[in-house]
Amino acid sequence: MHRDERGGAGPFAYYPASGDAIRDTATEVGNRAADIGAVRRQVEADHRRALAGVDGDLTNPMAGAADALVANADRVEQAAWFAAGVVRLFADAVDDYNLYSIGPRSVEALNLAYTESLIDDFGMDAAAYAKGGARAGRDYDADRADAEADLLRSLTAEHHRLGEQLDVWASHAARMLDRGPNAEDISELWAFGSLGSDAYEVWPGLQLVDVPMLRLPYDLRDGSDDYRSLDDLDQDELLDLAEDGFEPARDLLADQVVDEFENHTALQDAWRSINPAYLDAVTSGVPEDLAQLLAEIYPTTYLDVFLGGPAMASKVLYSLTAKDLVDAIRDDPFSLRALAEVAMVLPVGRVGKLKNVAHLLDEVDDMRDASSALRGAQLKEHLRQLQKYGDDGFRVMPNGQFRYYGELRPADKLGEMMGRRIVREWDPLTGAKRTWHETLDHAGTVRIVRPQDGPEKIHYHFDQHGTYEGRRP
Amino acid sequence: MTPPELPSRDKVRQTFLDVLAGRMSREAAASWADIWVVKSDPDVDDFVVWEALKDLSGIDLRVNATDYLHNEADIHSWLDRVEEAIERDGSDPA
């Protein structure tokens with residue numbers, strides 16, 4: 001049995017050093033970096049004082065006197081930061097190995113799985129081995145040993161994968177240390193939060209603030225199990241960090257403000273582009289595809305409404321009021337708003353017939369149902385016509401009638417005409433339909449129209465400019 | 001009056017063949033197809049039959065007093081489409 005400082009016992013061994021112990025090592029290395037930084041800053045300060053005390057010819061040579069030392073100190077400090085970061089990266093990997101890994105499970109989780117199974121007697125049903133039981137006559141202890149062996153085999157395989165995972169991180173960390181500080185590895189350490197939160201000041205040329213952070217810097221975490229990234233923080237937390245001078249938090253907050261502004265603008269644009277017919281259909285329970293068709297048929301948007309003058313606005317208001325009315329009355333049956341809306345929705349002659357509020361609600365519901373049913377029926381018919389006759393689409397004519405255009409049937413014969421198509425016209429108000437053939441020339445101009453509905457089939461001819469020429473059988 | 005029986009793939013195929021063989025006039029074939037094509041609610045569910053009926057509906061279109069818009073090659077291509085569908089899915093895919 002293995003037992004770590006947290007008391008999680010089981011058959012699988014924890015890594016000999018805990019993540020925290022390894023991080024302590026990193027802290028020592030980091031402290032050296034801090035020492036080097038302090039030395040460098042002291043040199044710079046002393047040098048500035050010395051520079052202030054010299055005059056004339058000595059000024060220029062003195063000005064560069066500390067540069068080499070400072071540059072060297074920078075490199076040493078960066079190397080120490082880097083080494084500490086690599087050690088922290090490995091410490092995080094050890095924490096995953098010991099405590100947090102999910103797939104494969106950590107040592108703690110594997111040990112817990114074993115312990116729970118042990119408590120459950122490895123799933124054995126002792127009663128089944130009693131006389132008369134389903135497994136009577138079998139060796140309980142042998143079966144139990146087999147069950148434990150099966151479990152251990154499975155858990156050991158998972159533990160092996162966990163170990164391989166840690167090996168990968170260990171090799172990776174070792175290679176990083178071999179390579180020494182370089183832009184790519186530093187960026188990776190920053191992304192994993194293994195460098196301190198002010199690392200972007202240590203490597204100002206690398207623009208680390210622009211590198212996405214997969215995990216908070218170790219010194220900003222709530223604990224070793226804090227896997228949040230900057231994006232996971234709420235606005236208050238971001239504000240705290242920003243106030244502490246953490247530049248990525250300031251940048252993120254600024255981005256969020258810009259996003260909010262853009263979203264707000266987009267929302268306003270979207271609102272303007274909302275199609276009232278679509279909205280009404282969706283809120284009336286019409287399926288999405290039919291609602292979209294309705295929007296195609298009545299393409300007016302709210303922007304059109306507000307630009308289109310009072311007539312159009314009143315039409316839209318009417319449809320919205322019908323929907324809102326029920327809610328308004330239910331909310332407060334005798335409110336002025338409800339009564340005003342009643343007056344708007346119901347024809348004047350019918351208001352006097354309303355006996356009570358319940359009746360009123362029924363009336364309004366009926367109106368809405370009838371309206372929805374009509375629209376639903378019309379949409380179905382439209383779809384039917386579109387499917388049968390609208391291979392090449394449809395148009396809504398100014399008089400409100402729909403025309404569906406069939407696919408062009410080309411004519412093989414050489415000549416002025418390219419082919420013909422079937423056109424179907426439907427009047428949604430009356431339900432009337434007409435069908436005809438259009439013969440088109442090679443310029444796409446309709447040259448002959450032949451209605452199909454009557455007993456007599458007349459061809460109406462037009463010239464290439466669309467001028468009517470006459471009729472022929 | 002009994003409504004006409006819904007056309008089948010075999011029936012539209014035979015109609016094309018009859019027109020090509022001169023056993024049926026183009027006008028008669030178009031009038032037959034128009035029963036469904038101009039109907040308020042054309043209850044033809046088979047897409048192949050429906051397309052063939054629309055082909056037949058315009059088989060008698062004229063470009064002038066003496067000439068039809070479509071020649072025999074057009075009719076053969078329409079017939080081919082129906083025969084390919086029959087070969088692929090059978091006469092009655094439903």
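Quick summary incoming for the structure in this document.

Reading the values: rules and limits
Residues numbered from 1 in each chain as written. Chains lettered and ligands numbered in written order. Predicted model: local features only at pLDDT ≥ 70, side-chain atom pairs only at ≥ 80, totals over all residues. Heavy atoms only, no water. Helix = DSSP H or I, 4+ residues; strand = E, 2+ residues; numbered from the N terminus. Buried < 20%, exposed > 50% of the residue type's maximum accessible area, 1.4 Å probe, protein only. Contact = heavy atoms within 4.5 Å. Areas by Shrake-Rupley, 256 points an atom, 1.4 Å probe, with all protein chains shown as cover. Core = buried A, V, L, I, M, F, W, Y, C linked by side-chain atoms within 4.5 Å. Patch = residues over 30% accessible without salt bridge, like charges linked within 9 Å, V, L, I, M, F, W, Y side chains within 5 Å. Salt bridge = Lys/Arg side-chain N within 4 Å of Asp/Glu carboxyl O. Lys, Arg positive; Asp, Glu negative; His and termini not counted. Charge placed at Lys NZ, Arg CZ, Asp CG, Glu CD. Polar contact = N/O pair within 3.5 Å; in protein donor to acceptor, adjacent residues only side chain to side chain. Nonpolar A, V, L, I, M, F, W, Y, C, P; charged D, E, K, R; others polar. Expected span 1.5 Å × (residues − 1). Arc of directions from axis to C-beta. Pairing = 2+ DSSP bridges.

1. So, the overall build of chain A
Item 1. When its secondary structure is counted, chain A shows 16 helices and eight strands.
Item 2. Burial status across chain A gives 39% buried among its 473 residues.
Item 3. A fraction of 44% describes how many contacts in chain A between residues 6 or more apart in sequence connect residues 24 or more apart.
Item 4. When the accessible surface of chain A is summed, it comes to about 26600 Å², and 55% of that surface belongs to carbon and sulfur atoms.

2. Considering the overall build of chain B
Item 1. Each helix and strand in chain B was counted, giving four helices and zero strands.
Item 2. The order of α-helices and β-strands along chain B, N terminus first, is α-α-α-α.
Item 3. The buried share of chain B, reckoned over its 94 residues, is 48%.
Item 4. Here chain B displays about 4700 Å² of accessible surface, and carbon together with sulfur accounts for 51% of that area.

3. Overview of the nonpolar core
Item 1. Formed by 53 residues in total, the largest nonpolar core has its most connected members in Trp190(A), Trp203(A), Leu208(A), Leu230(A) and Phe246(A).
Item 2. Looking at this core, the elements that each hand over two or more residues are α1 (19-52), α3 (67-100), α4 (107-119), α5 (140-179), α6 (183-191), α7 (199-202), α8 (235-243) and α9 (247-273) of chain A.
Item 3. In terms of residue count, the dominant contributor to this core is α3(A) (twelve residues).
Item 4. In contact with Leu208(A), other than residues within four places in its own chain, are Ile186(A), Ser187(A), Trp190(A), Ala199(A), Tyr200(A) and Trp203(A).
Item 5. Within the second largest apolar cluster, 29 residues are counted, among which are Ile422(A), Phe16(B), Trp32(B) and Trp50(B).

4. Describing unusual backbone geometry
Residues and elements named next belong to chain A.
Item 1. One non-glycine residue, Asp121, lies in positive phi territory at about 55°.
Item 2. In this structure, Asp121 sits in the loop between α4 and α5.
Item 3. Backbone geometry at Gln207 places phi at a positive 50°, although glycine is not the residue there.
Item 4. Position of Gln207 relative to the elements: it lies in the loop between α7 and α8.
Item 5. A relative accessible area of 44% places Gln207 in the partly exposed class.

5. A short note on helix α3 (residues 47-57) of chain B
Item 1. Where burial is concerned, most of α3(B) is hidden: ten out of the eleven residues are buried.
Item 2. Within α3(B), the full set of buried residues consists of Val48(B), Val49(B), Trp50(B), Glu51(B), Ala52(B), Leu53(B), Lys54(B), Asp55(B), Leu56(B) and Ser57(B).

6. Observations regarding a negative patch on the surface
Item 1. Residues Asp234(A), Asp236(A), Asp240(A), Glu243(A) and Asp244(A) make up a contiguous surface patch of negative charge.
Item 2. Take Asp244(A): it is sitting in the loop between α8 and α9.

7. Some thoughts on the interface of chain A and chain B
Item 1. Chain A puts 30 residues into the contact, and the matching count from chain B is 32 residues.
Item 2. At the boundary of chain A and chain B, one finds seven salt bridges.
Item 3. Of the charged contacts, one joins Lys457(A) and Asp34(B) as a salt bridge, the two residues approaching to 2.8 Å between their closest N and O atoms.
Item 4. Seen at the junction of chain A and chain B, the total is 25 residue pairs in polar contact (both at pLDDT 80 or more).
Item 5. Residues of the side of chain A that touches chain B, tallied by class, amount to seven nonpolar, eight polar and 15 charged.

8. Side note on α4(A)
Residue and element names in this part refer to chain A.
Item 1. Given a rise of 1.5 Å per residue, 13 residues ought to cover 18 Å, and the 18 Å separating the end C-alpha atoms of α4 matches this to within 8%.
Item 2. All of the buried residues along α4 are Val107, Leu110, Asn111, Ala113, Tyr114 and Ser117. Taken around the axis of α4, the buried residues stretch over an arc of 155°, which confines them to a single face.
Item 3. Asp121 lies just past α4 and shows a positive phi near 55°.

9. Topic: the environment of Asp92(B)
Item 1. With respect to the element layout, Asp92(B) can be found in the segment after α4 (72-89).
Item 2. Considered as a pair, Asp92(B) and Asp46(B) are 46 residues apart in the sequence and their alpha carbons are 8.6 Å apart.

10. Things to note about the pattern of salt bridges
Item 1. The final tally for this structure, using the stated rule, is 38 salt bridges over all chains.
Item 2. One salt bridge connects Glu425(A) with Arg434(A), and the closest N-O pair in it is separated by 3.0 Å.
Item 3. Owing to a relative accessible area of 45%, Arg434(A) belongs among the partly exposed residues under this scheme.
Item 4. Linked by salt bridges that have partners in common, Asp391(A), Glu407(A), Arg409(A), Glu51(B), Lys54(B), Asp55(B) and Arg81(B) make up one network.

11. Examining the pairing of strand β7 (residues 459-462) of chain A
Residues and elements named next belong to chain A.
Item 1. Burial of β7 is one-sided: the residues His459 and His461 facing one way are buried, the residues Tyr460 and Phe462 facing the other way are not.
Item 2. Two strands pair when backbone bridges link them, and strand β6 (residues 446-451) and β7 are joined in this way by two bridges, in the antiparallel orientation. Of the residues in β7, the one forming a bridge with Ile448 is His461.
Item 3. Note: β7 against strand β8 (residues 468-472), four bridges, orientation antiparallel. The residue bridging Tyr460 from the neighbouring strand is Arg471, located in β8.
Item 4. Taken together, β7 and the strand that follows it, β8, pair antiparallel across an intervening segment of five residues, in which Gly466 is found at a positive phi of about 90°.

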